[in-house]
Amino acid sequence: MVSGRRHNADDIVATALAVEPMKFVYRGRIAVFSVTVLRDERNVVVAEQRPDSTEEDSFQWMSRVLQAIDSIHGVGVFCLALVPANTLPKTPLGGIHLSEIKQLYLEGGLHPCNVLMCPHTCVTNLPKPRQKQPEIGPASVMVGNLVSGKRIAQASGRDLGQTDDNDQFLFLSEVLQWRAQTTPDHVLYTLLSSRGAVSSSLTCLQLHKRAERVAALLMERGGLQEGDHVALVYPPGIDLIAAFYGCLYAGCVPITVRPPHPQNISTTLPTVKMIVEVSRSACVMTTAVICKLLRSKEAMATVDIRNWPPVLDTDDLPKKKPPALYKPNNPDGLAYLDFSVSTTGMLAGVQMSHNAVGAFCRSVKLQCELYPSREVAICLDPYCGLGFVLWCLCSVYSGHQSILIPPVELESNPALWLLAVSQLRVRDTFCSYSVMELCTKGLGLQTEALKARGLDLSRVRACVVVAEERPRMSLTHSFSKLFKDLGLHPRSVSTAFGCRVNLAICLQGTSGPDPTTVYVDMRALRHDRVRLVERGSPHSLPLVESGKILPGVRIIIANPETKGPLGDSHLGEIWVHSAHNGSGYYSGYGEEVLQSDHFNSRLSFGDTQTVWARTGYLGFLRRTELTDANGERHDALFVVGALEEAMELRGMRYHPIDIETSVIRAHKSIVECAVFPWTNLLVVVVELEGSEQEALDLVPMVTKAVLEEHYLIVGVVVVTDVGVIPINSRGEKQRMHLRDGFLQDQLDPIYVAYNM
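This structure is a prediction, so every number in the text was calculated from the model and none was measured.

Participant: Can you help me understand the sheet that holds strand 7 (residues 198-203) in this one?
Facilitator: In sheet architecture, strand pairing relies on hydrogen bonds along the backbone and comes in two forms, parallel and antiparallel. Strands sit in the order 7-6-15-14-16-17-18 across an open sheet of seven strands; the sheet is mixed. With partners counted over all chains shown, the strands left at the sheet margins are strand 7 and strand 18 (493-497), one partner each. When strand polarity is set aside, the average angle formed by the axes of neighbouring strands in this sheet is 20 degrees. Where strand 6 (residues 187-192) lies against strand 15 (residues 401-404), three bridges are found, and the strand directions are parallel. Its bridge partner being in strand 15, tyrosine 189 is matched across the sheet by serine 402. Packing against the sheet, helix 15 (residues 433-442) makes contact with strand 14 (375-379), strand 16 (428-431), strand 17 (462-467) and strand 18, and its axis sits at approximately 120 degrees to strand 17.

Participant: Is there a simple way to explain the sheet that holds strand 29 (residues 681-688) in this structure?
Facilitator: Across the sheet, four strands lie side by side as 28-29-30-31; this open sheet has mixed pairing. Each edge of the sheet is formed by a strand with only one pairing partner; in this case those strands are strand 28 (670-678) and strand 31 (751-754). Sheet twist, expressed as the mean angle between neighbouring strand axes with direction ignored, is 15 degrees. Looking at chain direction, strand 29 and strand 30 (residues 714-720) are connected through six bridges and run parallel. Bridging from a neighbouring strand, valine 684 pairs with valine 717 of strand 30. Most of the contacts of helix 20 (residues 656-666) go to strand 28, to which it runs at about 140 degrees, and overall it touches strand 28 and strand 29.

Participant: Help me understand the pattern of salt bridges, please; the structure alone is not making it clear to me.
Facilitator: Side chains carrying opposite charge are able to pair once their charged atoms draw close together. Tallying each qualifying case throughout the model produces 28 salt bridges. Where lysine 733 meets glutamate 672, a salt bridge forms, and the shortest distance between an N and an O atom there is 3.1 Å. Highlighted residues: lysine 733 in the loop between strand 30 and helix 22 (735-743) and glutamate 672 in strand 28, separated in sequence by 61 residues. With a relative accessible area of 12%, lysine 733 lands in the buried category. Here the residues in one salt-bridge network are Glu645, Glu660, Glu672, Lys733 and Arg735, joined through shared partners.

Participant: What is the right way to read the domain arrangement of the chain from this model?
Facilitator: One widely used convention gives an interface's size as the accessible area the parts lose upon coming together. According to the domain assignment, the chain consists of domain 1 (9-122), domain 2 (141-159 + 512-644), domain 3 (172-185 + 204-370) and domain 4 (649-754). Each of domain 1 and domain 3 has a C-alpha centre, and the two are 63 Å apart.

Participant: Just checking my understanding: could you explain the nonpolar core for this structure?
Facilitator: Nonpolar side chains in soluble globular proteins generally cluster together in the buried interior. Leu207, Leu218, Tyr245, Met285, Tyr336, Leu393 and Phe430 are the most contacted members of the largest nonpolar core, which totals 91 residues. With eleven residues, helix 8 (residues 238-250) is the largest single contributor of residues to this core. Taken domain by domain, the makeup of this core includes at least three residues from each of domain 2 (141-159 + 512-644) and domain 3 (172-185 + 204-370). Of all hydrophobic cores here, the second largest spans 48 residues; its members include Ala31, Leu110, Val675 and Leu688.

Participant: It is not clear to me how the pairing of strand 13 (residues 347-353) should be interpreted in this structure. Could you clarify?
Facilitator: Residues in a regular strand project their side chains so that they alternate between the two faces of the sheet. Across the seven residues that make up strand 13, a large majority, five, are buried. As defined by bridge partners, strand 12 (residues 334-341) adjoins strand 13 across seven bridges and the pair is classed as antiparallel. Counted as the bridge partner of valine 341 is leucine 347 from strand 13. As paired strands, strand 13 and strand 23 (residues 585-586) are joined by two bridges and run antiparallel to one another. The partner of glycine 349 across the bridge, within strand 23, is tyrosine 586.

Participant: What is the right way to look at the side chain of histidine 208 in this model?
Facilitator: As for its position among the elements, histidine 208 is in helix 7 (residues 204-220). Among the residues examined, histidine 208 registers a relative accessible area of 12% and is labelled buried. Not counting the four nearest positions on each side in its chain, histidine 208 is found in contact with Leu176, Gln177, Ala180, Tyr249 and Leu325.

Participant: Explain the packing of helix 20 against helix 21 (residues 698-710) here, please?
Facilitator: When two helices pack together, you describe them by how their axes are tilted relative to each other and by the distance separating the axes. Where helix 20 contacts helix 21, the axes come no closer than 9 Å and their chain directions differ by 135 degrees. As far as their axial angle goes, helix 21 and helix 20 are oblique. In this structure, helix 20 meets helix 21 at a crossing whose hand is right-handed. Where helix 20 abuts helix 21, its residues Asp658, Ile659, Ser662, Val663, Arg665 and Ala666 lie against Met701, Val702, Ala705, Val706, Glu709 and His710.

Participant: Quick question: what am I supposed to make of the packing of helix 15 against helix 17 (residues 473-482) here?
Facilitator: Contact pair helix 15 / helix 17: the axes reach a minimum separation of 10 Å and the direction vectors enclose 45 degrees. Judged by the inter-axis angle, helix 15 sits oblique to helix 17. Seen from above, helix 15 lies across helix 17 with left-handed handedness. Listed contacts from helix 17 to Tyr433, Met436, Glu437, Cys439 and Thr440 of helix 15 are Leu475, Thr476, Ser478, Phe479 and Leu482.

Participant: Teacher, can you tell me more about helix 2 (residues 55-73) here?
Facilitator: Since the α-helix packs 3.6 residues into each turn, any two residues three or four apart lie on the same face. Taking 1.5 Å per residue as the helical rise, helix 2 with its 19 residues ought to reach 27 Å, and the 27 Å between its terminal C-alpha atoms agrees with that figure. Regarding helix 2, the residues found buried are Ser58, Trp61, Met62, Val65, Leu66, Ala68, Ile69 and His73. Buried residues in helix 2 make contact with helix 1 (9-17), strand 1 (25-36), strand 2 (41-49), strand 3 (79-83) and strand 4 (114-117). In the stretch just after helix 2, glycine 74 is the one whose phi turns positive, near 60 degrees.

Participant: Explain the state of the cysteines to me, please; I cannot follow it from the model alone.
Facilitator: Any covalent bond linking the sulfur atoms of two cysteines counts as a disulfide. Taken as a whole and assessed by the stated rule, the structure comprises zero disulfides. Cysteine cysteine 122 shares no disulfide, and the gap to the nearest cysteine sulfur, in cysteine 118, comes to 6.6 Å. Take cysteine 122: its relative accessible area is 13%, and that puts it in the buried class. As a non-bridged cysteine, cysteine 506 has cysteine 499 as the owner of its nearest cysteine sulfur, 9.9 Å distant.

Participant: Sorry, what's going on with the pairing of strand 29 here?
Facilitator: Where burial is concerned, most of strand 29 is hidden: seven out of the eight residues are buried. Relative to strand 29, strand 28 is paired through eight bridges, and the arrangement is antiparallel. Note that in strand 29 the partner of isoleucine 670 across the bridge is leucine 688. What sits between the antiparallel neighbours strand 28 and strand 29 is a turn of two residues, in which threonine 679 has the positive phi angle 50 degrees. Where the polypeptide runs from strand 29 across helix 21 and back to strand 30, its parallel neighbour, the crossover connection is right-handed.

Participant: Explain the environment of methionine 117 to me, please; I cannot follow it from the model alone.
Facilitator: Relative to the helices and strands, methionine 117 is located in strand 4. Between the C-alpha atom of methionine 117 and that of glycine 715, which follows or precedes it by 598 residues, the distance is 9.7 Å. Among all residues touching methionine 117, those that are not within four sequence positions of it are Phe78, Cys79, Val699, Pro700, Thr703, Tyr754, Asn755 and Met756.

Participant: Is there a simple way to think about the environment of aspartate 597 in this case?
Facilitator: Turning to its location among the elements, aspartate 597 is positioned in helix 19 (residues 596-599). Of the residues examined, aspartate 597 reaches a relative accessible area of 25% and is grouped as partly exposed. Along the backbone, aspartate 597 and leucine 172 are 425 residues apart, and their C-alpha atoms lie at a distance of 29 Å. When sequence neighbours within four positions are dropped, the list of residues in contact with aspartate 597 reads Lys563 and Arg614.

Scoring rules and cut-offs
- Residues numbered from 1 in each chain as written.
- Predicted model: local features only at pLDDT ≥ 70, side-chain atom pairs only at ≥ 80, totals over all residues.
- Heavy atoms only, no water.
- Pairing = 2+ DSSP bridges.
- Helix = DSSP H or I, 4+ residues; strand = E, 2+ residues; numbered from the N terminus.
- Axes fitted to C-alpha atoms, helices over the stretch in contact; angles between N-to-C directions.
- Contact = heavy atoms within 4.5 Å.
- Salt bridge = Lys/Arg side-chain N within 4 Å of Asp/Glu carboxyl O.
- Buried < 20%, exposed > 50% of the residue type's maximum accessible area, 1.4 Å probe, protein only.
- Domains from an automatic or database assignment.
- Core = buried A, V, L, I, M, F, W, Y, C linked by side-chain atoms within 4.5 Å.
- Parallel < 35°, antiparallel > 145°, perpendicular 65-115°, else oblique.
- Left-handed = near helix turned anticlockwise from the far one by under 90°.
- Expected span 1.5 Å × (residues − 1).
- Disulfide = S-S within 2.5 Å.
- Right-handed = clockwise from strand over helix to strand, strands pointing away.

Written out as structure tokens, the structure is:
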């Protein structure tokens, strides 16, 4: 029964076999059956092709069959699959076994060699596309919210409160000098090697002295002036920290840059060059090893270093102090530039003022209760965002000891981070999703062996994942579950959220209530509405709160188009007001005007005085039943996804991650997936882990899953090898890079299916 009419499978078989002039089907072995997709039966045709047929023959035959069945029977074919000769299951008498073939199709085990899906022509019962309504004026919004008793969605972290003794300093360089005088032998930093041994450490005085010598090098050999930009190209470690404070002591503006990868110079060196150029660095500081790498033949073939600013090697520092340490005079002056590539593939530098740096460190100190007797383990890349702040700035400000674990070392020793946390009895630790994934995948079968080695995580009070996306519940759950036997309390695992305009908006502190989870209706979310549903109800999507709002941070949810404030049942853009917001993008080309409203936007009505920064992320606020430290009801922020990556399809807003989750569940051989729009088509890229025979099984499975769960027709399915989808250092997918690769035909796919 397809679209309300009865069809005879034998008649359709006869039509397909009668397609002349090609005797194409091997011994007439063909099966026709129907499957249910989106509350209706759909027609599927599976045939064995002759062993000598070419790709061209098969497509010619397929297109003729589609036309013939459509014109004679008036019915569309949902999927037409061709398999190699003699591969369909047979009955004892030698006929073809229809129910077994249908079962194989439904399980994704047919292994076709050609497949043609026609969902666009035969799925006619999709819900109607949503029509955009004219925007409602501000007055109606205000009245509507009052009548329905909705509050405007806004929330704030607690006050920054009274100042401590080190808060009397306006500048981080002064805090370091004060610590070098008052607690010279207190250890601030400890760096671990890949074996878990301490490879180097720095006390307050040692850091101060090394920073002085770096400053002397910059002034003498570099001949730099105050305000010059310096690119710091260091591996994650102690040298990077000393070089950063050396720049502050010399009055220069540091920019931390990830060094090129020795095994992969041709792809990683151009990014280094781009940051050095865009940031207008007057010199590059690095180690002797990287100096040598930059001058190697391979590097010179990629980028000619002779056109670069001078490169200073800090392995042989002058033994003397600079004549005087630079004392900044303007707290709003530039302290450093934070350069990173966003998930949409844009390279941008954010300007961080001295004021913002002080406020930032203070906010983190209050939230995490950091003081000199504490130890914090950090397994993050130290080049941008909150990872850089935790690695380089917080210890000097709060005086606690940071145990630094470079994430690179986990590739050779996945247990390094957790063993260090256990042996050093650390209560607070920070990591990224890629580190968490490495541990979950790499240590899954070793928990018993680790227990025997004495791994005990029962002391961990906070394990925070630093991210710039919607929290990945499935990963944090599997991580918590896996290490529960080793003492890890599931409550201690949480996520932080920060973005370009504000590097840390939310962070689960020590005293706040546990992170809340809500279930929202996915269909309402596509219309930018937030409707809470019960766990397990159809179309429910679980979302977990992104940590607690940091002290001194205010948040409001605004309509990205009209810039009006929204009620808390709406999905809107997260806007943030805080003393540690960045002060603008840095670009040497005068394009700041384009994005100036990212950093200073005002609401179109309501509180029109406050200056907000636009995060570019969609989310919503919910008042929970819990109370926070000062006894008030706690407001939870839920991040849904990046505005730039959200897709407008059929008049509704879709978030890539939701479609990707459905696709990954569709077949056991799909390990990763990314989606993006192209013209008005949805493109799905899946990574296949398994034999290439399975590649074409994925096409019908993916198409059906997205139709059933999201009412969307997939336009193109691209099946690739594992590792094709680009991932940044935080473990986030770069869908726009992938899209560029697809459009420039650079993906080298196993198979591309264009659905008709």
